[in-house]
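Observations on chain architecture
The lines below spell out each chain.
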Amino acid sequence: MKILVPVKRVVDYNVKIRVKPDGTGVELANVKMSMNPFDEISVEEALRLKEAGKAEEVVVVSIGPAKAEETLRTALAMGADRAILVETDDQIEPLTVAKILKAVADAEQPGLIIVGKQAIDDDSNQTGQMLAALLGMPQATFASKIEIEIGDGKAQVTREVDGGLQTIEIKLPAVVTTDLRLNEPRYASLPNIMKAKKKPLDKKSPDDFGISTTPRLKVLKTEEPSGRKAGVKVKSVAELIDKLKNEAGVL
Ligand code: AMP
């Protein structure tokens with residue numbers, strides 16, 4: 001079985017995000033970019049399934065600028081076998097991403113597609129669901145455990161839901177989206193980073209699939225959350241109670 005894993009290049013989760021002065025988005029110039037954390041979890045899970053003999057090949061795919069090659073090389077250094085970069089400088093919306101991923105899946109015929117539950121830059125939480133719909137495949141979202149039964153061509157997926165954990169069975173091929181507690185991604189070792197430079201990376205463009213990247217929605221404004229007000233020191237319990245009653249209105 002082949003596993004396809006989409007990986008997105010996003011602002012590193014440790015970076016303190018700043019909104020651009022004109023409010024059109026967040027500052028990306030000279031900002032550290034990394035693989036979307038949920039996609040690291042997806043790559044890790046695909047590698048574990050391969051190591052357990054449940055899959056033969058792990059293919060990673062990214063849609064984005066030429067620099068997204070670095071993100072793909074990171075996935076290759078973690079252990080993925082092959083990469084596909086669909087190169088575009090346009091801002092790509094989740095539906096367009098899903099359409100491109102469908103075209104890639106049609107060509108690659110994976111038995112399982114492991115997608116992150118959300119990209120931490122746009123927080124859309126849409127791509128996996130739309131991809132499953134476009135492909136007409138079963139889907140299991142927010143996975144915290146994936147077990148594959150090869151002979152039966154089925155997967156049991158434990159999902160994080162409000163009330164706790166739910167385990168469902170889906171027929172493969174299928175789309176699974178990953179939640180935070182699925183696993184802890186490995187670090188790429190230096191020798192593997194060197195080896196990853198020689199692994200195959202195929203370059204395509206959205207035009208190769210006849211897919212338009214014209215946006216359907218427009219960002220009107222982006223705002224930073226309002227800062228916290230400075231605290232004050234009170235001299236007595238009586239003053240604290242008075243403030244809580246009469247200023248904060250919480251008592
Ligand atoms: P989203 O629906 O934008 O929150 O993204 C959910 C998931 O879709 C991500 O975790 C990725 O696995 C995948 N994805 C979104 N955008 C891209 C992209 N440009 N390239 C590759 N995968 C993507």
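Source: prediction; values computed, not measured.

**Some thoughts on the site of the ligand**
- Looking at the ligand, there are 18 residues lining it, with D39, I63, A119, N125 and T127 nearest.
- Contacts to the ligand include P6, whose backbone N or O atom sits 3.2 Å from an oxygen atom.
- A distance of 3.0 Å separates an oxygen atom of the ligand from a polar atom in the side chain of D122.
- Contact with the protein chains removes 98% of the 490 Å² of surface that the ligand exposes when unbound.
- Top contributing element to the shell around the ligand by residue count: strand β4 (residues 57-64), with 3 residues.

**Some words on the nonpolar core**
- Of all hydrophobic cores here, the largest spans 36 residues; its most connected members are I3, V5, V43, V60, L112, V157 and V176.
- Ranked by residues supplied to this core, first place goes to helix α2 (residues 68-78) with 6 residues.
- The residues contacting V43, other than those within four sequence positions of it, are V5, V7, M35, V60, A75 and M78.
- In terms of nonpolar packing, the next biggest core, distinct from the first, is built from 22 residues, L4, A103, V104 and A132 among them.

**Notes on the sheet that holds strand β10 (residues 174-178)**
- Taken in spatial order, the 9 strands make up an open sheet running β9-β8-β7-β10-β6-β1-β4-β5-β11, and their pairing is mixed. Looking at strand neighbours, the two that pair on one side only are β9 (164-171) and β11 (201-204), the edges of this open sheet. Between one strand axis and the next, the sheet turns by 30° as a mean value, whatever way the strands run.
- By the bridge criterion, 4 bridges tie strand β5 (residues 82-87) to β11 in an arrangement that is parallel. Considered in β11, the bridge of A83 is made with L201.
- Sitting on the sheet, helix α3 (residues 94-108) touches β1 (2-6), β4, β5 and β6 (112-116), and the angle it makes with β4 is about 150°.

**Thoughts on the packing of α3 against helix α4 (residues 127-135)**
- One way to put it is that α3 packs onto α4 with a least axis distance of 9 Å and a crossing angle of 50°. The angle between the axes of α3 and α4 places the two elements in the oblique class. The way α3 lies across α4 gives a crossing that is right-handed. Judged by residue contacts, P94, L95, V97, A98, K99, L101, K102, A105 and D106 of α3 engage T127, M130, L131, L134 and L135 from α4.
- The class makeup of the residues in the contact of α3 with α4 is 10 nonpolar, 1 polar and 3 charged.

Conventions adopted
Residues numbered from 1 in each chain as written. Predicted model: local features only at pLDDT ≥ 70, side-chain atom pairs only at ≥ 80, totals over all residues. Heavy atoms only, no water. Near = heavy atom within 4 Å. Polar contact = N/O pair within 3.5 Å; in protein donor to acceptor, adjacent residues only side chain to side chain. Areas by Shrake-Rupley, 256 points an atom, 1.4 Å probe, with all protein chains shown as cover. Helix = DSSP H or I, 4+ residues; strand = E, 2+ residues; numbered from the N terminus. Core = buried A, V, L, I, M, F, W, Y, C linked by side-chain atoms within 4.5 Å. Buried < 20%, exposed > 50% of the residue type's maximum accessible area, 1.4 Å probe, protein only. Contact = heavy atoms within 4.5 Å. Pairing = 2+ DSSP bridges. Axes fitted to C-alpha atoms, helices over the stretch in contact; angles between N-to-C directions. Parallel < 35°, antiparallel > 145°, perpendicular 65-115°, else oblique. Left-handed = near helix turned anticlockwise from the far one by under 90°. Nonpolar A, V, L, I, M, F, W, Y, C, P; charged D, E, K, R; others polar.

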